[in-house]
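One letter stands for each residue in the lines below.
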Amino acid sequence: MACNDVLRPGHVQLRVLDMDDAHKHYTKRLGLIETGRDAQGRVYLKAWDEYDWFSVVLREADEPGMDFMAFKVRDTDALDRLEKAVREFGCNVERIPAGELEHCGERVRFDSPTGHTFELYAEKDFHGNAVGTTNPDCFCDEVKGMGAHRFDHCLLYGDDLDGTVKLFREALGFDLTEQVMDGDLMIGAFLTCSNKAHDLAIIRHAEKGKLHHASFYLESWDEVLRAADLISKYDISIDIGPTRHGITRGKTIYFFDPSGNRNEVFAGGSTWYPDQPTITWTTDQLGKAIFYHDRQLNERFLEVVT
């Protein structure tokens, strides 16, 4: 049921330990643009090629991690339909009034079996991208740092993987593009509401509600390599890469923000159409599935979450 009521990932709210350090990382290093701050002290950011007012919200807190991830839906009728669907699924649901996040309309917030909080919304003010919509150029001269094009997806860790996969497939209409299986047990799921390789990924994990990474899209392998140069130049804590995934085929590098939240920038990736079969990876090939080139996993990549 891809390309239905849910259009795409819309925003993520991340907890950071020090706002000044986080702001420097996400603007000067990752290349996002600040679009505002609110009375709660939250900072709103967007990538240069995004149209909406924000895609990342930073909130200063005592521990890092993700507060919620949101998806944009087709219209207010779709929002009503999906609210009913997640209620009937058994989620705890609340309506968040328009304006609670600045420049964003009413949101439907709901929990999930893995302990993560998600939101749906239909309306958000346009800020505009850096090149306009009439005879636009292909790039922006003023982009900073890695020059992220957009917020792309999150990888989340939680215990009841089967329940959250069922929620997203049955109530929200996502497709399962790829899966990792240990015999009959699913340990990883890659879900899409579009024709991307994934808009959300979830890994089975003993603890509920954990964030593995928030990911941002770049245009090319050369841009991923430039991101690696910047990570070294500015002594950003690196996890692994540059390398390539077998799952999704994306070219990637992973690193950490100053609070310990993992970020990814990546390029490429496979294309999904709803008539394609789900790709299955088995645990005996997990190294190749995750890091296609060296075919080995590092413990930090598997275990460090916020």
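Criteria and cut-off values
- Residues numbered from 1 in each chain as written.
- Predicted model: local features only at pLDDT ≥ 70, side-chain atom pairs only at ≥ 80, totals over all residues.
- Heavy atoms only, no water.
- Helix = DSSP H or I, 4+ residues; strand = E, 2+ residues; numbered from the N terminus.
- Rg over C-alpha atoms; globule rule 2.2 N^0.38 Å.
- Contact = heavy atoms within 4.5 Å.
- Areas by Shrake-Rupley, 256 points an atom, 1.4 Å probe, with all protein chains shown as cover.
- 1 Å grid on protein atoms, 1.4 Å probe; cavity = no way out; pocket = protein on both sides within 12 Å on 5 of 7 lines; lining within 4 Å.
- Points joined across faces, edges and corners; volume = space filled by probe spheres on them.
- Nonpolar A, V, L, I, M, F, W, Y, C, P; charged D, E, K, R; others polar.
- Salt bridge = Lys/Arg side-chain N within 4 Å of Asp/Glu carboxyl O.
- Buried < 20%, exposed > 50% of the residue type's maximum accessible area, 1.4 Å probe, protein only.
- Pairing = 2+ DSSP bridges.
- Disulfide = S-S within 2.5 Å.
- Core = buried A, V, L, I, M, F, W, Y, C linked by side-chain atoms within 4.5 Å.
- Expected span 1.5 Å × (residues − 1).
- Arc of directions from axis to C-beta.
- Axes fitted to C-alpha atoms, helices over the stretch in contact; angles between N-to-C directions.

(A) The overall build of the chain, seen in detail. Regarding its fold elements, the chain presents six helices and 17 strands. Taken against the 2.2 N^0.38 rule, which gives 19 Å for 306 residues, the C-alpha radius of gyration of the chain at 18 Å falls within 12% of a compact globule. A principal-axis box enclosing the C-alpha atoms of the chain has dimensions of 50 × 45 × 45 Å. Contacts spanning at least 24 positions in sequence make up 68% of the contacts within the chain whose residues lie at least 6 apart. When the accessible surface of the chain is summed, it comes to about 13,400 Å², and 45% of that surface belongs to carbon and sulfur atoms.

(B) Focus on the layout of surface pockets. Approximately 400 Å³ is the volume attributed to the largest pocket. Every residue lining the largest pocket is counted, 25 residues in all, and those nearest its centre are L155, Y157, I203, I290 and F301. Of all elements in the fold, only β9 (150-158), β11 (185-192), β12 (200-204), β13 (210-217), α5 (286-290) and α6 (299-303) reach the threshold of two or more residues within the lining of the largest pocket. When the residues that make up the lining of the largest pocket are grouped by side-chain class, the tally is 14 nonpolar, eight polar and three charged. For the second largest pocket, the lining is made up of 15 residues, of which R8, P9, E50, R150 and F151 are closest to its centre. Put simply, the parts of the chain that give the lining of the second largest pocket at least two residues each are β1 (6-16) and β9. The residue makeup of the lining of the second largest pocket, split by class, is four nonpolar, three polar and eight charged.

(C) Examining the side chain of T114 more closely. Mapped onto the secondary structure, T114 falls in the loop between β7 (107-111) and β8 (117-121). With near-sequence residues (within four places) excluded, T114 lies in contact with G158, D159, D160, L161, T164, I202, K208 and G209.

(D) Spotlight on the side chain of Q179. Relative to the helices and strands, Q179 is located in strand β10 (residues 175-182). Filtering out sequence-adjacent residues up to four positions away, Q179 remains in contact with M186, G188, T278, I279, T280 and W281.

(E) Inspection of the pattern of salt bridges at higher detail. Within this structure, the stated rule accounts for 22 salt bridges. With a shortest N-O distance of 3.0 Å, R37 and E34 are connected by a salt bridge. You can call R37 partly exposed: its relative accessible area is 43%. With a relative accessible area of 32%, E34 lands in the partly exposed category. Taken together, the salt bridges that share partners define one network made up of D38, R42, E94, E100, R107, R109 and E119.

(F) Broad picture of the pairing of β10. Within β10, seven of the eight residues are buried, leaving the element largely enclosed by the surrounding structure. The pairing of β10 with β11 spans seven bridges and is antiparallel. Paired with D182 across the bridge in β11 is L185. Once β10 ends, the chain turns through two residues before running back antiparallel as β11, passing G183 with a positive phi of about 65°. In the sheet, β10 pairs with strand β17 (residues 279-282) via four bridges, with the strands oriented parallel. For Q179, the partnering residue across the bridge sits in β17 and is T280.

(G) Spatial organisation of the state of the cysteines. Tallying each qualifying case throughout the model produces zero disulfides. Counting only cysteine sulfurs, C154 is the nearest neighbor of C104, a cysteine outside any disulfide, at a range of 16 Å. C138 takes part in no disulfide bond, and the closest cysteine sulfur, belonging to C140, lies 12 Å away. Classification of C138 as exposed rests on a relative accessible area of 68%.

(H) Inspection of the nonpolar core at higher detail. Within the largest apolar cluster, 63 residues are counted, with the highest numbers of intra-cluster contacts made by L58 and L172. Look past the residues within four positions of L58 in its chain and what remains in contact with it is L14, V16, M19, A22, H23, Y26, G41, R42, V43 and L45. Judged by nonpolar contacts, the second largest core, of 16 residues, contains L155, I247, I290 and F291.

(I) Region of the structure containing helix α4 (residues 221-233). With 13 residues, α4 ought to run about 18 Å at 1.5 Å a step, and its terminal C-alpha atoms sit 18 Å apart, in line with that. Among the residues of α4, those classed as buried are V224, A227, A228, L230 and I231. Along α4, the residues classed as buried sweep out an arc of 165° about the axis, all on the same side. Counted as exposed and oriented over 90 degrees from the buried face of α4: D222, D229, S232 and K233. In this fold, the buried residues of α4 make contact with β14 (238-244), β15 (250-256) and β16 (262-268). Two residues or fewer past α4, D235 is found with a positive phi of approximately 55°.

(J) Structural detail: the sheet that holds strand β2 (residues 33-37). Pairing within the open sheet is mixed, and its eight strands lie in the order β2-β3-β4-β1-β5-β8-β7-β6. At either end of the open sheet lies a strand with only one pairing partner, and these are β2 and β6 (93-96). Neighbour-to-neighbour, the strand axes of this sheet turn through a mean angle of 25°, independent of strand direction. Bridge count between β7 and β8: five bridges; the pairing is antiparallel. Of the residues in β8, the one forming a bridge with V108 is L120.

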